[in-house]
Amino acid sequence: ETLQELRDGKGIPRNHTRRNAWLDIVQAEAYMGLKQYDTVAYHAKNALTACKDIKSEGNIVIIMDIYNRLRNSPNKNDPEVVALGTELRTWYVS
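Sequence order as written defines the numbering, with residues in each chain counted from 1. With the structure being a predicted model, the display of local features is reserved for residues of pLDDT at least 70 and the display and counting of side-chain atom pairs for 80 or more, all residues being used for whole-chain, interface and lining totals. To get the side-chain values, take all heavy atoms of the structure and skip hydrogens and water.

### Focus on the side chain of Ser56
In plain terms, the rule: To qualify as a helix, a DSSP run of H or I must reach at least 4 residues; to qualify as a strand, a run of E must reach at least 2; elements of each kind are numbered from the N terminus. Counting of polar contacts relies on pairs of N or O atoms within 3.5 Å, with two restrictions inside protein: one atom must be capable of donating a hydrogen and the other of accepting it, and residues adjacent in sequence are counted only when both atoms are side-chain atoms. Any two residues whose heavy atoms approach within 4.5 Å at even a single point are treated as in contact.
Relative to the assigned elements, Ser56 resides in the loop between helix 3 (37-54) and helix 4 (57-71). Reaching out from Ser56, the side chain makes a polar contact with the side chain of Asn59 at a distance of 3.2 Å. When sequence neighbours within four positions are dropped, the list of residues in contact with Ser56 reads Arg18 and Cys51.

Written out as structure tokens, the structure reads:
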């Protein structure tokens, strides 16, 4: 039920980038616990895009932790996980 409420984004307008980024991070963490790694990567990548836009370095550190856990998962070679890693490295270098 809680995941459904997160998916629905109840009460969070689309133009609230910071809140939506945090929502994606929370969803990524929840799906990590459920071992739904493809969904974790999807939400982490969405959060990273938003966090880069708003320059939220603290949240990017959390996303890096999520990515490192994905690298140790059975889905480590999944294209979404690889793309997340590439995007994180691009951010880190810039």
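### Looking at the nonpolar core
So the rule is basically this: Among the buried residues, those of types Ala, Val, Leu, Ile, Met, Phe, Trp, Tyr and Cys that are joined through side-chain atoms within 4.5 Å form a nonpolar core. Exposure classes here rest on a 1.4 Å probe applied to the protein chains alone. A residue is buried below 20% of its type maximum, exposed above 50%, and partly exposed in between.
The biggest cluster of nonpolar side chains holds 21 residues, and the ones touching the most others in it are Val40, Ile63, Ile66, Leu70, Leu84 and Leu88. It is helix 3 that contributes the most residues to this core, eight residues altogether. In this view, Val40 contacts Ala28, Tyr31, Met32, Ile66 and Leu70; residues no more than four positions away in its chain are not counted.

Treat this as a map of the structure, not an account of what it does.
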